[in-house]
Structures are given as structure tokens and as C-alpha cells.
Amino acid sequence: KYTIAYPWHGAAVDATIALLGSDIKKIGYNLKFEDRWTRDKLGTQIKNWIHCGMQTAHVLDNRHQITSLKFQSFVRFGMRDYDSHIKPYLQSDDGGGYGFNRIKELPLVQVLEYCGMDSLLEFKIWQHQEREANGK
């Protein structure tokens, strides 16, 4: 489930590779997955990570099953489900998680709204976590 750009061809791939390799500071969630996926699918590495929301959630509170983006969005901002209509399309069609998902079957506007919510929430969580980690 990688949603930084869609569809994955042509100029979108080139622009994404340029962005990911740039000196621009980057935040994300589950960086281990993001790095592996990017190396595998785009043949490049992400440069200049400054924050992983998932790892920071573990550091701030290491209880089991509370570090996901969706959970953190709910407990920090009261953000209810915004992806239940997307979830079935993010599942691999091979049942094992390594096949293609069906995200291309959705209207582009739904995919972009979902990606936008993920990005906004990652950013807002980063802001909260920075304040919390610094005792503010």
C-alpha cells in the first residue's frame, strides 16, 4: 500500500524519484517499509528522513497495537475511519501480500483524498509528537 503518487508511470515516477532523493526533509510512518518498498519498486533510496511517526509512537508509549497512523489519528485528533471504503482495494490479490492490489479500480479522486488524509495526519502527528517529546 504505497500512496505517494498515482499512477506509477512516466512523469509521476520521475518526479517522485527526484523528490525522494532530494535534500528536502521528509517525515513518514513506518520508515522501514517505506525504504524497502522504494528500493524495490523505484530502485532508489529516500534521502533525509527526519521523523518516523510509528517509531516515535513506540518511544512515547510502547504499549502493543497503539502506534498505527489510524489509531494515533483517532486518539490525538478524534479522526474517525476515513479508509474503510479503500481497504478492500489495498489488499493483495494473491492473498499473501506480495501481489498487486486493486487500487487502480477506484476513482482517482478517492485515492487522492485518501493519500491526502494520510499525509495531513502524518504531518499533524509529527507536530504533536515533537511537542510531546520536548515536554511542551
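Residues numbered from 1 in each chain as written. Predicted model: local features only at pLDDT ≥ 70, side-chain atom pairs only at ≥ 80, totals over all residues. Heavy atoms only, no water.

A. A look at the overall build of the chain. When its secondary structure is counted, the chain shows 6 helices and 2 strands. Seen in sequence order, the chain has helices and strands lined up from the N terminus as α-β-α-β-α-α-α-α. Relative to a compact globule of 136 residues, whose C-alpha radius of gyration would be 14 Å, the chain shows 16 Å and is just as compact. Principal axes of the C-alpha set define a box for the chain whose edges measure 45 × 35 × 30 Å. Considering the chain as a whole, with its 136 residues, one finds that 32% of them fall into the buried category. (Helix = DSSP H or I, 4+ residues; strand = E, 2+ residues; numbered from the N terminus. Rg over C-alpha atoms; globule rule 2.2 N^0.38 Å. Buried < 20%, exposed > 50% of the residue type's maximum accessible area, 1.4 Å probe, protein only.)

B. Molecular detail of helix H4 (residues 69-77). What H4 keeps buried is the set Leu-69, Gln-72 and Ser-73. All buried residues of H4 project into a common sector of 105° when viewed along the axis, lining one side. Buried residues belonging to H4 abut helix H3 (53-60) and helix H6 (108-133). At the C-terminal side of H4, Gly-78 shows a positive phi close to 75°. (Arc of directions from axis to C-beta. Contact = heavy atoms within 4.5 Å.)

C. Geometry of the nonpolar core. Ranked by size, the top nonpolar core spans 16 residues in total, and within it Tyr-29, Leu-69, Ile-86, Ile-103 and Tyr-114 carry the most contacts. Listed by contribution, the elements that provide at least two residues to this core are H3 and H6. Here this core takes 5 residues from H6, the largest share from any one element. Each residue touching Leu-69, except ones within four places of it in the same chain, is listed here: Tyr-29, Tyr-82, Asp-118, Leu-121, Glu-122 and Ile-125. If you look at the next biggest cluster of nonpolar residues, it comprises 5 residues, including Val-13, Leu-20, Trp-37 and Ile-46. (Core = buried A, V, L, I, M, F, W, Y, C linked by side-chain atoms within 4.5 Å.)

D. Fine view of the pattern of salt bridges. If you walk through the whole model with that rule in mind, you get 7 salt bridges. Two residues, Lys-47 and Asp-23, come together in a salt bridge whose shortest N-O distance is 2.7 Å. Of this pair, Lys-47 sits in the loop between helix H2 (31-42) and strand E2 (49-52) while Asp-23 sits in the loop between helix H1 (11-20) and strand E1 (26-28), placing them 24 residues apart in sequence. Here Asp-23 falls in the exposed class, since its relative accessible area comes to 55%. A salt bridge links Glu-132 to Arg-76; its shortest N-O distance comes to 3.0 Å. Of this pair, Glu-132 sits in helix H6 while Arg-76 sits in helix H4, and the two are 56 residues apart along the sequence. Of the residues examined, Glu-132 reaches a relative accessible area of 40% and is grouped as partly exposed. Each member of the salt-bridge network shares a partner with another, and the members are Lys-70, Asp-83 and Asp-118. (Salt bridge = Lys/Arg side-chain N within 4 Å of Asp/Glu carboxyl O.)

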